[in-house]
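# Coordinate inspection notes
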Amino acid sequence: MDYHNIMVAVDNSDYSTHGIDIGIEIAQNLNLEAGFDYASIGKDNAAYANTVDNNIMLLVARLQLEY
Amino acid sequence: MIKKSLVFTIMIVFLFGSAAVSLAAEAMWHGQFRINYYSMSQDEDVGAGVAAARLRWRPTWDVKVNNDVSMHMQLNIGHIQSNTSNARYEQGGDPAVAIRHAMLNFATPVTGGKFAAGLVPMSDKFGDTLFSSDWDFNPLALSWMGKYENADIRLATGKLTETSPAKDDDLDAFLADIDVPMGNGSVGGSIYVFRSGDGLTSVGDVGGTATENYIGIRAKQDIGFAMVNGFFIYNQGKIEDCSSVFCTGAVIGDDVDNSGYAIKLEGTKPVGSANVGLMFIMTSGDKDFMTTDSPSSFITPMALIDHHGYWGYTGKLNVQGPTDTGIDNPLRVDGSVYGGAGLGYGLMTVQVKADFPVTDRLDGYAAIGIFQHQDVPSANDESIGTDIYIQGKYNIAQNLNLEAGFDYASIGKDNAAYANTVDNNIMLLVARLQLEY
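## A short note on the overall build of chain A
Along the backbone of chain A there are 0 helices and 4 strands. Reading chain A from its N terminus to its C terminus gives the helix and strand order β-β-β-β. Relative to its full complement of 67 residues, chain A shows a buried share of 4%. Taking contacts inside chain A between residues at least 6 apart in sequence as the whole, the part at least 24 apart equals 27%.

## Things to note about the interface of chain B and chain A
On the chain A side, the residues contacting the 11 residues of chain B number 8 residues. Looking at the side of chain B that touches chain A, its residues break down into 8 nonpolar, 2 polar and 1 charged.

## What about the environment of N399 of chain B?
Within the secondary structure, N399 of chain B sits in the loop between β18 (383-397) and β19 (400-411). Contact partners of N399 of chain B, with chain neighbours within four places excluded, come to L435, E436 and Y437 of chain B.

## As for the confidence of the model for chain A
Residue and element names in this part refer to chain A. With 73% of its residues at a pLDDT of 70 or more, chain A has an overall mean of 79. In the model of chain A, strand β1 (residues 6-11) stands out as the element of lowest mean pLDDT, 45, in contrast to strand β4 (residues 54-65), which has the highest, 93. In this model residues 1-13 is a low-confidence stretch, pLDDT under 50, and it forms 21 contacts with partners more than four residues away in sequence or in other chains.

## A short note on the confidence of the model for chain B
Across chain B, the average pLDDT comes to 93, with 95% of residues at 70 or higher. The low-confidence segment residues 13-21 of chain B, where pLDDT is below 50, has 0 contacts with residues more than four positions distant or belonging to other chains.

## Notes on the nonpolar core
Grouped together as the largest cluster of nonpolar side chains are 72 residues, with contacts concentrated most on C242 and L331 of chain B. In this view, L331 of chain B contacts L317, V337, L347, F371, I384 and A417 of chain B; residues no more than four positions away in its chain are not counted.

## What about the environment of C247 of chain B?
Mapped onto the elements of the fold, C247 of chain B is located in the loop between β13 (227-239) and β14 (256-271). Residues contacting C247 of chain B, with those up to four places away along its chain left out, are C242, I252, V256 and M290 of chain B.

## Re the pairing of strand β20 (residues 424-436) of chain B
Residue and element names in this part refer to chain B. Bridge count for strand β1 (residues 26-41) against β20 is 10 bridges, and the pairing is antiparallel. Looking across to β20, one finds that Y37 is bridged to A431. With 12 bridges connecting them, β19 and β20 associate as antiparallel partners. From the neighbouring strand, L400 faces β20, where its bridge partner is L435.

## Considerations on the pairing of strand β9 (residues 185-196) of chain B
Residue and element names in this part refer to chain B. Of the pairings in the sheet, the one linking strand β8 (residues 171-182) to β9 comprises 12 bridges and is antiparallel in character. Residue D172 lies in a different strand from β9, and its bridge partner there is R195. Where β9 meets strand β12 (residues 210-222), 12 bridges bridge the pair, whose relative direction is antiparallel. Bridge pairing links G188 to R218 in β12.

What counts as what
- Residues numbered from 1 in each chain as written.
- Chains lettered and ligands numbered in written order.
- Predicted model: local features only at pLDDT ≥ 70, side-chain atom pairs only at ≥ 80, totals over all residues.
- Helix = DSSP H or I, 4+ residues; strand = E, 2+ residues; numbered from the N terminus.
- Buried ≥ 20, exposed ≤ 12 C-beta atoms within 10 Å, placed from the backbone.
- Contact = placed C-beta atoms within 7 Å.
- Nonpolar A, V, L, I, M, F, W, Y, C, P; charged D, E, K, R; others polar.
- pLDDT = per-residue confidence, 0-100.
- Core = buried A, V, L, I, M, F, W, Y, C linked by C-beta atoms within 7 Å.
- Pairing = 2+ DSSP bridges.

Right, here's the structure in full:
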């Protein structure tokens, strides 16, 4: 098992993100990656233009063979 | 200078070539190549006769990446409609080249067994009566097949449709099978669940959340004078806020349940150089299907996705390889055909077949079946018809066969599935040249 890449929190007045991503090597060249991300996006920022505070939770998974 | 460049080029080719060989260790290119021909005549009050010839090719590529991982891909080319154009289309007007299978097979040291992930071909364990990989049931799926003690197990989940990512509207399947040896055969059981959060199916939006559940048992046994097999399946489903795609009358907008059962008994036996088979299948039906809130109807998953399967013996009311072409519109075991006509009225069929060698290179096949619904509205007739099919298969060369067949189907008027208002006598000639390599 290969455990990698814990995303550290980034915080400023408008954004903070917290995430964790785990990669498991199932077999040679075949990996299963699974991740969770929490993003708190402040209202009235220029990039996303959400007019209320937005809390995003994201679950992702990817099974990938590189050959 | 030229010499140095040549040496450098050779080294690069050698290095990259070696790497490629070490990763994709074993590859196999195989598949099916076939040309179909058919000619069908029927009562002119029902429809015109048809005839066509088309090409289909299924190139298949299997790669063993290492001892634990392999890949499988199959393309589906055809049936090609535009024969003199390089921009070729199939008979439905879609591009002729499509991807049919695309999957990874892999083993993990923790679980044992084999996983398959991707567009995975999967069939039910009830003789292709519910869903069939031969009929393109290849959902985006993750499956695991392995052994526990002496039991063969399959666990799988598949996404049949990926519709709006912002809604709970996909059509998903959840499958569990177990089979164990017993006596001179085996027994097994399965649980299948099909669900769409928004009732989206291939026959239309049937309403709100739609769920069809199946639990079944099966057995096969060599009893000395014959091989026998059979199953019993119970089906229960619910469609919330039923739409006019399925429902009529006062129940449109209501939550509608259905529950039904399917039974199969089959025996096969060698007789001289021939092999004969006798099969009985029945599914429950209800004339009030989708006009009441709880009909006693058995519904197949393949009716929801408008597929079929190779579950019977005959050529027109069932389907065989050479008749699986532009004139195919067989019955499902729930009594329905393409588009869903006849669904919910059940089916009873008895069929007999014999396959036999004629010469070293020629095999014969003959089958007859009778078909009828179980319970139909008063405007319809329960009888559907009789189907007789004969076929020869001539081995031209290794892996190359020419099959030719004749089918006669007598389909009675006012049946619920085909809805012909006069008796229809169908005569069908088919031929298929097929290389399997």
